Amino acid sequence: MGQPKLIASTRRKPKKRVRLAKSRARPLTVAPQLEPGAPSDLDLMRGIQAGDADALSQLYDRYNGILKALILRVIHNEAEADDLLQEIFMEIWNQAKNFSAQKGKPLGWMVTLARRRAIDGLRKKQAYARAEERLQNETEQQPDAWVHNATEEEIVLSDTRALIRKVISSLPPAQQQAIDFAFFKGMSQREIAAKTNTPLGTVKTRLELGLKKIYDGLKELKDEL
Amino acid sequence: MNFSEFQNQARLYVIGALESEELEEFENARKKFGKKGEDFITKCYALHEAFALSLRPAKASDAIKERLMAMVKAKKEG
């Protein structure tokens, strides 16, 4: 199977190597900027653990957009994404007791949960074919596909997003594609190898190198990883 | 498996991309590296957060929040 058209389009313009000198890197605000005095994510999670519905409401307002974008990226269906989003926040409510701050941040926990549910949903409905078809149709217009030439306008839209995407877009397209299939489609190395007609060892190397570069890039941006 | 190889595997592990035959080896290494290994795996989960934040937020329909909060209320009362 050939490479998607999207990849080919990215090759027209070689990407500049991203330099993330520490002196130039702005602090990476992982969570959206909070109003002064607003409760932290951890405060809200603790509230949810204590049965405070208002805490869930605030967490929903803060993160529904991010989680929906993630779900949409997996299942490519607006109505299904909305339904799944509701189920995921209900699961957040029901499973909040299992969240531990020692194991990571609330957003990371929610994203992990949302991704798992979205991929499960995709598999249960055996919708790979339909999703692929939609993906093909949407790829050219889809602004959030990783593998594309980001415009300057897009880059200034969000500092956090722009910085993370800068790291991701510094990867060769084949590495981006492998990570995209693994993370957003839940595909195994073998499935990626079959889909891209690439040797299994090459897929593994692409994933390892790509994830390491992203990890290291994020580490440079934010000394938390 | 040395720690550098473990780190590579850990990044694949958190995104669910380890093949079944690699998983067993990884779990053995995980035991071998103990807390140091667990700490690294925890850090790798930040990749999930980063991938989600790399996407442009999508607005959910207003009805979703209403339905959610009604469900929560019903659950609390039930």
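Residues numbered from 1 in each chain as written. Chains lettered and ligands numbered in written order. Predicted model: local features only at pLDDT ≥ 70, side-chain atom pairs only at ≥ 80, totals over all residues.

Draft legend 1. Highlighting helix 9 (residues 173-185) of chain A. All names here are of chain A. An ideal rise of 1.5 Å per residue puts 18 Å on 13 residues; helix 9 measures up with 17 Å between its terminal C-alpha atoms. Listed as buried for helix 9 are Pro 173, Gln 175, Gln 176, Gln 177, Ala 178, Ile 179, Asp 180, Phe 181, Ala 182, Phe 183, Phe 184 and Lys 185. Taken from the residues just after helix 9, Gly 186 is the one with a positive phi, measuring 65°. (Helix = DSSP H or I, 4+ residues; strand = E, 2+ residues; numbered from the N terminus. Expected span 1.5 Å × (residues − 1). Buried ≥ 20, exposed ≤ 12 C-beta atoms within 10 Å, placed from the backbone.)

Draft legend 2. Structural context of the confidence of the model for chain B. All names here are of chain B. Mean pLDDT over chain B stands at 92; residues scoring 70 or higher make up 100%. Confidence, expressed as mean pLDDT per element, reaches its minimum in chain B at helix 3 (residues 46-53) with 90 and its maximum at helix 1 (residues 3-14) with 95. Confidence estimates for the predicted assembly give a pTM of 0.77 and an ipTM of 0.89. (pLDDT = per-residue confidence, 0-100.)

Draft legend 3. Highlighting the interface of chain A and chain B. Each partner contributes to the interface: chain A provides 51 residues, whereas chain B provides 35 residues. Where the side of chain A that touches chain B is concerned, the elements lending two or more residues are helix 3 (53-75), helix 4 (78-95), helix 5 (106-124), helix 8 (159-169), helix 9, helix 10 (189-196) and helix 11 (200-221) of chain A. Considering every element that reaches the side of chain A that touches chain B, the biggest residue donor is helix 3 of chain A, with twelve residues. (Contact = placed C-beta atoms within 7 Å.)

Draft legend 4. Structural detail: helix 3 of chain A. An ideal rise of 1.5 Å per residue puts 33 Å on 23 residues; helix 3 of chain A reaches only 28 Å between its terminal C-alpha atoms. Downstream of helix 3 of chain A by a residue or two, His 76 of chain A has a phi angle that is positive, lying close to 55°.

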